[in-house]
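# Report on the structure
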Amino acid sequence: MRRLFPPPEAAAVPSSGLSGLPGLADAYAYPEPVASDGCWLRANMVTSLDGAAHHEGRSQPLSGPADMRVFGVLRALADAVVVGAETVRQERYRPARARAEFAERRAAAGQAPAPAVAVVSVGLDLDFSWPLFASPTVPTLLVTGAKAPPERLAAAAEAGVEVVFAGAGASAEPALIRAELAARGYRRLLTEGGPRLLGALAGARALDELCLTVAPRLAIGSAPRVTSGPEIPEPQAYRLTDLLEDEGFLFHRYRAI
């Protein structure tokens, strides 16, 4: 993996350090929180050259070895991974695992052995016997609104799943998701989408950073972009902070302005 921007001589971590996990983790380290709620929410998404966020419902066909390394590092740095229920179903999510390579770093940062997974859902149409809920390394969270279906809330409670209410309605309010998680000590947040959740978070100005992998592949088809949702009055501006390359894959980091 090599650095294209900023110039290698101006970067804190040179290209030579990006070949190993420690150097990659240093390159993607969370900044000091600057928001009033004291947390930082970054997104990690992959897209094809023609803008597809997935192929046949899954992002894996667009990925590659370097993308999976970055994916693993971003997870290993996070307190919690925020993900939409549809993505959980489509991608067959399992619990985040503790990785020996990051044990010392996480312990020094006061983090649990692995990030929690926070599933954002409206109808709570989820199987709480899945390993994600039944046998996680760190308890999985369910993020929803106070008026979510009572019978599904009861099923979650019976399964021992912790519910986080982020809004008074049926669904979680994007601007409150980060605040409620931060209040529980989850301050380094990572969202892996899907497009609807990411669109909602970005539309609410709740997203601090976007890590975007552009895969050297064409997907064609009708897959959505990395964000979807109602059109906003004006496009939001982001600033490029880093650009890495590996075997044709481009790894961008953009910070909200």
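Further up the page is the structure itself.
These numbers come from a predicted model, not from an experiment. (Residues numbered from 1 in each chain as written. Predicted model: local features only at pLDDT ≥ 70, side-chain atom pairs only at ≥ 80, totals over all residues. Heavy atoms only, no water.)

### Some words on the overall build of the protein chain
Where we set the bar: A run of DSSP states H or I qualifies as a helix once it reaches four residues; a run of E qualifies as a strand once it reaches two. Both are numbered from the N-terminal end. Every radius of gyration here is taken over C-alpha atoms, with the globule rule written as 2.2 Å times N^0.38, N being the number of residues. Burial here depends on accessible area, computed with a 1.4 Å probe over protein chains only, as a share of the maximum for the residue type. Under 20% is buried, over 50% is exposed, and the range in between is partly exposed. Throughout, a contact is declared for two residues whenever any of their heavy atoms are within 4.5 Å.
A count of helical and extended segments in the protein chain gives 8 helices and 10 strands. Relative to the compact-globule value of 18 Å for 257 residues, the protein chain shows a C-alpha radius of gyration of 18 Å, a close match. Buried residues in the protein chain amount to 48% of all 257 residues. For the protein chain, contacts bridging at least 24 residues in sequence account for 69% of all contacts bridging at least 6.

### Side note on the layout of surface pockets
To keep things clear, this is the line we draw: Lining residues are defined by having an atom within 4 Å of a point belonging to a cavity or pocket. Those points lie on a 1 Å grid over the protein atoms alone, cavities being sets where a 1.4 Å probe fits but cannot get out and pockets being open sets with protein on both sides within 12 Å along at least five of seven lines. Grid points are joined across faces, edges and corners, and a volume is the space filled by probe spheres set on the points. Under the scheme applied here, ten amino acids are nonpolar (Ala, Val, Leu, Ile, Met, Phe, Trp, Tyr, Cys and Pro), four are charged (Asp, Glu, Lys and Arg), and all others, including Gly, are polar.
Quantified by volume, the second largest pocket comes out at close to 720 Å³. If you trace the second largest pocket, you find 22 residues lining it, with Gly199, Ala202, Arg225, Thr227 and Ile232 closest to the centre. Secondary-structure elements contributing two or more residues to the lining of the second largest pocket are helix 8 (195–203) and strand 8 (209–214). Taken together, the residues of the lining of the second largest pocket break down into 12 nonpolar, 8 polar and 2 charged.

### Details of helix 7 (residues 174–183)
The following threshold applies: The directions from the helix axis to the C-beta atoms form the arc being described.
Among the residues of helix 7, those classed as buried are Ile177, Arg178, Leu181 and Ala182. The arc that holds every buried residue of helix 7, seen down its axis, measures 120°, which confines them to one face. Looking at the packing, one finds that the buried side of helix 7 touches strand 2 (40–47), strand 3 (80–84), strand 4 (116–120), strand 5 (141–144), strand 7 (188–191) and helix 8. Positive backbone phi, at 95°, marks Gly185, one or two positions downstream of helix 7.

### Regarding the sheet that holds strand 5
Quick note on the threshold: When DSSP locates at least two bridges between a pair of strands, those strands are taken to pair. Angles run from 0 to 180 degrees between N-to-C directions of axes, and those axes are lines fitted to C-alpha atoms, restricted for helices to the stretch in contact.
In space, the 10 strands of this open sheet follow the order 1-9-10-8-2-7-3-4-5-6, with mixed pairing throughout. At either margin of the open sheet sits one strand with a lone partner, and together these are strand 1 (2–5) and strand 6 (162–165). Direction aside, the axes of adjacent strands within the sheet are offset by 25° on average. As defined by bridge partners, strand 4 adjoins strand 5 across 3 bridges and the pair is classed as parallel. Looking across to strand 5, one finds that Ala118 is bridged to Leu141. Set on the sheet, helix 8 makes contact with strand 2, strand 3, strand 4, strand 7 and strand 8; between it and strand 2 the angle comes to about 140°.

### Some points on empty space enclosed by the protein
Enumeration according to the criterion identifies 1 cavity of 30 Å³ or more in this entry. Of the volumes computed, that of the largest cavity is approximately 30 Å³. Around the largest cavity, the lining residues are Pro95, Ala96, Pro115, Ala116, Val117, Pro136, Thr137, Val138 and Thr140. Considering only residue class, the lining of the largest cavity consists of 7 nonpolar, 2 polar and no charged.

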